[in-house]
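# Breakdown of the fold
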Amino acid sequence: APAMSYEHILVSNPKPGVGLVTLNRPRALNALSTPLFLELNDALLKLNQDKDTGAIVITGSNKAFAAGADIKEMKDLTFSSAYTTDFIELWSSPTSQIKKPIIAAVNGYALGGGCELAMMTDIIYCSSTATFGQPEIKLGTIPGAGGSQRLTRAIGKSRAMELILTGKNFSGKEAGEWGLAARVFQEPEECLEEALKTAELIAGYSQVAVKAAKEVVNKSQDLGVRDGMEYERRVFHSLFGSKDQKIGMFYPASIPVPLLTKD
Ligand code: CAA
C-alpha cells in the first residue's frame, strides 16, 4: 500500500493486497469529525487507486468502532450553515467513489454515524459484544448519513423503525441474527483477523471480476429485479473480454493469485 500518514487514522498493509484503515481518535471514541472524515476519504481514494490493493478493511478500537458524528462539532450548527455547506455530504464518498470491496470490522460502539459508516461498507463483521445503534433521536435529531435508508433495507422496516424511533442500541449478536452483519465473532481480535483474511482472499481474485461483482450487487439496491438481471447479464458478458476469465477457466483449479493478470 502507498505510504500514508495522518492524524486521526492509521493506514497499514497487514496482508498481501489488503489495506487496513484504523480509526484512531481514542479519546473521542473515534467520533467522526470533518478532519477525520477528510483523512478517511483521502486514504480510501489512495487505496482505491493503488494497483497492489485488492480489498480494504476499516476498523476502530476494541472499545469503539466509532461513537457517531462529532457532537461537539455539530452542537452550534444552524440550518443555513448545515444546508449551504452540505454538512456531511462528504461522508458519501466511501460509497460513491470507492470501487474496491470494503469490510468493516466492528468492535465496541458503532453508534449514529459510526453505525452508518459500517453500513456504507460492503461487508460487516462484528464481535458479539459490539454495540450498534442510531441514537440520534435522543439528541433531538435523526440519522443523517444514510442510517434510515440502509438500516431499513438491511433489517426490515419494523425493526429499523423501532430502533430509530427509540434510539435503543442493539448488540453484535443481534446484528448477525438480523442479517446486518455477515459474521459475528466472540473476540474483537478474531473479528479483525477474520476480516483481514476475507480481504486477503478477495484481493487474490481477479480485480476486474471483483470490481464487477461489487458493482452488480450494489445495483440490486437501486434497480428492480428485471433491470438488475439485465444489468448483471451485460456485465457478465463483458467479463469474457478479460484475460483473467481466460486464465481462470483454463486453469480452474489454480485460480489464486499468481495466475491473475488484473487484465
Ligand atoms: N462526538 C463527540 N465526542 C464524543 C462522541 C461523539 N459522538 N462520543 C463520545 N465522545 C467523547 C466524549 O465526549 C468523551 O470526551 P471527553 O472525555 O472530552 O468528555 C469521550 O469521547 C469518552 O466518552 P464517554 O466518557 O461518554 O465514554 P463512556 O464509555 O462513558 O460512554 C458512549 C460511551 C455510550 C458511546 C457515549 O460516549 C455516548 O453516548 N456517545 C455519544 C453517542 C451518540 O449519541 N452518537 C450519535 C451522534 S449523532 C450522529 O451520529 C448524527 C449522524 O447520523 C450523522
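On a predicted model such as this, the values are computed, not experimentally measured, just so you know.

## Description of the overall build of the chain
Regarding its fold elements, the chain presents twelve helices and ten strands. Against the 2.2 N^0.38 benchmark of 18 Å for 263 residues, the chain shows a C-alpha radius of gyration of 19 Å, consistent with a compact globule. Seen through its C-alpha atoms, the chain measures out along the principal axes to roughly 60 × 45 × 40 Å. Considering only contacts within the chain whose residues lie at least 6 apart along the sequence, 70% involve residues at least 24 apart.

## A word on the domain arrangement of the chain
For the chain, the domain assignment lists domain 1 (9-203) and domain 2 (207-259). Tallying the contact residues gives six residues for domain 1 and five residues for domain 2. In terms of residue class, the side of domain 1 that touches domain 2 is built from two nonpolar, one polar and three charged.

## Observations concerning the pairing of strand 5 (residues 102-106)
In terms of burial, strand 5 is largely enclosed, as five of its five residues are buried. By the bridge criterion, four bridges tie strand 3 (residues 55-59) to strand 5 in an arrangement that is parallel. Looking at the pairing, Ile56 lines up with Ile102 of strand 5. Strand direction decides the pairing type here: strand 5 and strand 7 (residues 123-127), joined by four bridges, are parallel. Among the inter-strand pairings, Ala105 is bridged to a residue of strand 7, identified as Tyr125.

## A look at unusual backbone geometry
Here the phi dihedral of Asp86 falls at roughly 50°; this positive angle occurs in a residue that is not glycine. Structurally, the position occupied by Asp86 is in the loop between helix 3 (79-84) and helix 4 (93-97). Residue classification places Asp86 among the exposed positions, given that 9 C-beta atoms sit within 10 Å. Here Ile88, not a glycine, exhibits a phi torsion of approximately 65°, which is positive. With respect to the helices and strands, the residue Ile88 is situated in the loop between helix 3 and helix 4. Overall, the presence of 18 C-beta atoms within 10 Å leaves Ile88 in the partly exposed class.

## Some points on the site of the ligand
Among the 22 residues in the neighbourhood of the ligand, the closest are listed as Ala31, Ala67, Gly68, Ala69 and Gly112. Considering only residue class, the shell around the ligand consists of 13 nonpolar, five polar and four charged.

## Description of the nonpolar core
With 60 residues, the main nonpolar core has Val57, Val106, Ala110, Tyr125 and Ala199 as its most contacted residues. When residues of this core are assigned to their parent elements, the largest contribution, seven residues, is made by helix 9 (residues 188-203). Aside from chain neighbours lying at most four places away, what touches Val57 is Val18, Leu20, Ile103, Ala105, Ala195, Leu196 and Ala199.

About the cut-offs
Residues numbered from 1 in each chain as written. Predicted model: local features only at pLDDT ≥ 70, side-chain atom pairs only at ≥ 80, totals over all residues. Helix = DSSP H or I, 4+ residues; strand = E, 2+ residues; numbered from the N terminus. Rg over C-alpha atoms; globule rule 2.2 N^0.38 Å. Contact = placed C-beta atoms within 7 Å. Domains from an automatic or database assignment. Nonpolar A, V, L, I, M, F, W, Y, C, P; charged D, E, K, R; others polar. Buried ≥ 20, exposed ≤ 12 C-beta atoms within 10 Å, placed from the backbone. Pairing = 2+ DSSP bridges. Near = placed C-beta within 6 Å. Core = buried A, V, L, I, M, F, W, Y, C linked by C-beta atoms within 7 Å.

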